[in-house]
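Residue-level listing of the chains:
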Amino acid sequence: MGAIAALVVPASPLVQSSGRENRQQGQFGYELTRPVNLLLLGVDRDPQLADDSPDVLDGRSDTILAVRFETAGRQVNVLSIPRDTEVDLGEFGWGKLNEANYLGGVALMQATVETLLNPVEFDRYLRLNTQGLVELVDVLGGVEVFVPYPMSYRDRTQELTIELDAGWQRLTGEQAQQFSRYRQGPYGDIGRVQRQQMLLQALRDRLTSPTIVPQLPAILQILQNHIDTNLTLPEMLALGSFALEIDRDALRMALLPGEFRDGQETGTSYWRVDEAAGDRVVEQFFQPSDSDEFIDDVRRQTAFGRSDSQNRPSDSQLPVQPRIALQNATTDPEAVERMIAYLEELGYEEIYVSDDWGTVHRQTSIIVQRGDYMAAERLRSDLGFADLEPLSTGDIGSDLTIRIGLDVNSE
C-alpha cells in the first residue's frame, strides 16, 4: 500500500531538511517549502474483514476532511465535508460523497471533492481506518473531550455499542471511536461532524505534550499499519511538525455550509451545499488573503456602518448581516437578554436564542459555524471581548454562535 511506499521514497519538492541543530518538541527534521492541500479520509472498517485484508481501506468514508497547511499565515485550515453531501459520482450517478471511496477508490473520491470545492486541488491524500484511530488514542494515553450529553446506542450489524456519560472526561481509543461515530443526537450526522472536529482538536492538544515524545516510534508504527497514502515519510514528518508548532488558535476548522434536502433522483435526504457560503469558506480557507491586511481592515470598521471614523462605508459596502445564535453557558438566565440588547445596540439584527450549553464557561466564545472567519473577526472587534473558537460546534442554523460565558458580567 501507499503507507509502505512512504517509508522508502525520498524527499519531494514539497519539503526540505530543516537544518536545525537543536530541534525542539515537534520538529522532526523536515519543513514545508510551500502550502500543501491534503485530502484526509477516515474509512469505516467492515467488521467482516480481517485486519490484514487488502480491502480494509476500500469502505465508505465517514470522515472527509480537506486540509490546508498554509505556510504564509502559519495556519492549518480544516474543512469538514458531511458524508451525506450530494455529489455527482460520474458513471455511478448522483449519490452521497461517502460512497465515492467504496465505488471508485481514492481516485474517484479526490476527483469528486476537487469538483465540489473547485478550484481546490489536492497535493496528497491519506486514508486512515477506524482501528488506527483507536490505537492512536490509546498510545497517547487517551484524550480529554467534553461530551455534551449522554450517548447510548447499539448497532448489531456494525458490531457497535456506544455508552458515554455527559461531561469532561478522558476517552480511551474505543470511547473516542464511539464519540466520533454517534449519530443519534439532535443534529444527527452534522453532530457527528462537530464531534470529529472536537476530537481532532483534542488529539492535536495531546500530541503537543512533551510526554508524547517517547511514543513517536509507536505512533509511526500505527500509521504504517493503518493508513494508505501517497505522502512520503519526509512529507509526513514535515506536515506533522508544522501542525504541532503552530499556535492552538491557528488550527481553524469549519463545516462546509449547507442543509439537508431530498436528493435529485430519490427521496433520500442529502446534505445540499450552500454554493455562495461554500465559495466563501473555500476562498478563506484555501486562498487566504494577507492576515495583517485583513486585521487592519477589521479594525477600521465596526458593525454594519456604525463607525466613528469619517470614512463610514456606504450601504453597498456593508457586510452581509450574519445570523447569530446565542447559547447560555452561565447560570444567569438574564445573560442572554443582556447580550441581545448589546448586539442590537451595535447594529446586529439577525439574532436568535439556541439551547443552553451543557456546562459553565468562564469566557464568552464565538463559534464560526459556517466558516466565515471575516464575519467572526468583525463581531469580536465590535464586542470588544470574546474568544474565537475555531470549530463548527455551534447551532447549525447559525452563521456564528455566541456561547455566553461568565465574563459578560464584567463587560
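Preceding this paragraph is the structure being described.
Residues numbered from 1 in each chain as written. Predicted model: local features only at pLDDT ≥ 70, side-chain atom pairs only at ≥ 80, totals over all residues. Heavy atoms only, no water.

### A look at the packing of helix 10 (residues 335–346) against helix 11 (residues 373–383)
Line of reasoning, step 1. The contact between helix 10 and helix 11 brings their axes to 11 Å, and the two run at 105°. By the angle class used here, helix 10 and helix 11 are roughly perpendicular. Across from Met-339, Tyr-342, Leu-343 and Leu-346 in helix 10, the residues of helix 11 making contact are Leu-379, Asp-382 and Leu-383.
Line of reasoning, step 2. Looking at side-chain class alone, the contact of helix 10 with helix 11 contains 6 nonpolar, no polar and 1 charged residues. (Axes fitted to C-alpha atoms, helices over the stretch in contact; angles between N-to-C directions. Helix = DSSP H or I, 4+ residues; strand = E, 2+ residues; numbered from the N terminus. Parallel < 35°, antiparallel > 145°, perpendicular 65-115°, else oblique. Contact = heavy atoms within 4.5 Å. Nonpolar A, V, L, I, M, F, W, Y, C, P; charged D, E, K, R; others polar.)

### Re the pattern of salt bridges
Line of reasoning, step 1. Tallied over the full model, the rule gives 23 salt bridges.
Line of reasoning, step 2. Here Arg-370 makes a salt bridge to Asp-274, at a shortest N to O gap of 2.8 Å. One end of the pair, Arg-370, is in the loop between strand 19 (365–368) and helix 11; the other, Asp-274, is in the loop between strand 16 (269–273) and helix 8 (275–286), with 96 residues separating them in the sequence.
Line of reasoning, step 3. A relative accessible area of 14% means that Arg-370 is categorised as buried.
Line of reasoning, step 4. Residue class for Asp-274 comes out partly exposed when judged on its relative accessible area of 30%.
Line of reasoning, step 5. Between Arg-380 and Glu-377 there is a salt bridge, with its nearest N and O atoms 3.1 Å apart. Pair noted here: Arg-380 and Glu-377 are both in helix 11, with a separation of 3 residues, about one helical turn.
Line of reasoning, step 6. In this structure, a network of salt bridges that share partners links the residues Asp-62, Arg-83, Asp-84, Lys-96, Arg-183, Asp-189 and Arg-192. (Salt bridge = Lys/Arg side-chain N within 4 Å of Asp/Glu carboxyl O. Buried < 20%, exposed > 50% of the residue type's maximum accessible area, 1.4 Å probe, protein only.)

### Focus on the sheet that holds strand 21 (residues 400–404)
Line of reasoning, step 1. Across the sheet, 5 strands lie side by side as 18-17-21-19-20; this open sheet has mixed pairing. For this open sheet the edge positions go to strand 18 (351–353) and strand 20 (387–389), each flanked by a neighbour on one side alone. Within the sheet, the average angular offset between the axes of one strand and its neighbour, ignoring direction, is 25°.
Line of reasoning, step 2. Bridging between strand 19 and strand 21 involves 4 bridges; their strand directions are antiparallel. When the bridges of strand 21 are listed, Ile-367 appears paired with Thr-401.
Line of reasoning, step 3. Packing against the sheet, helix 11 makes contact with strand 17 (324–328), strand 19, strand 20 and strand 21, and its axis sits at approximately 165° to strand 19. (Pairing = 2+ DSSP bridges.)

### Some points on the nonpolar core
Line of reasoning, step 1. Membership of the largest hydrophobic core comes to 47 residues, with the highest contact counts inside it found for Leu-117 and Leu-383.
Line of reasoning, step 2. Top element by residues in this core is helix 10. It accounts for 6 residues.
Line of reasoning, step 3. For Leu-117, the contacting residues outside a window of four places in its chain are Ala-66, Leu-79, Ile-81, Phe-122, Leu-256 and Val-282.
Line of reasoning, step 4. Residues Leu-133, Met-151, Ile-162 and Leu-164 belong to the second largest nonpolar core, which totals 43 residues. (Core = buried A, V, L, I, M, F, W, Y, C linked by side-chain atoms within 4.5 Å.)

### Quick look at helix 2 (residues 100–116)
Line of reasoning, step 1. Between the first and last C-alpha of helix 2 there are merely 13 Å, a value that for 17 residues lags more than 12% behind the 24 Å anticipated at 1.5 Å per step.
Line of reasoning, step 2. When helix 2 is considered as a whole, its buried residues turn out to be Ala-100, Asn-101, Gly-105, Val-106, Leu-108, Met-109, Gln-110, Thr-112 and Val-113. (Expected span 1.5 Å × (residues − 1).)

### Observations concerning helix 7 (residues 233–245)
Line of reasoning, step 1. For helix 7, built from 13 residues, the straight-helix expectation of 18 Å at 1.5 Å per residue is met to within 8% by its first-to-last C-alpha distance of 18 Å.
Line of reasoning, step 2. Within the span of helix 7, buried status applies to Pro-234, Glu-235, Met-236, Leu-237, Ala-238, Leu-239, Ser-241, Phe-242 and Leu-244.

### Overview of the pairing of strand 19
Line of reasoning, step 1. The side-chain alternation of strand 19 yields two buried faces, one formed by Ser-365 and Ile-367 and the other by Ile-366 and Val-368.
Line of reasoning, step 2. Note that the unit made of strand 19, helix 11 and strand 20 has a crossover that is right-handed. (Right-handed = clockwise from strand over helix to strand, strands pointing away.)

Shape descriptors only; they carry no functional weight alone.
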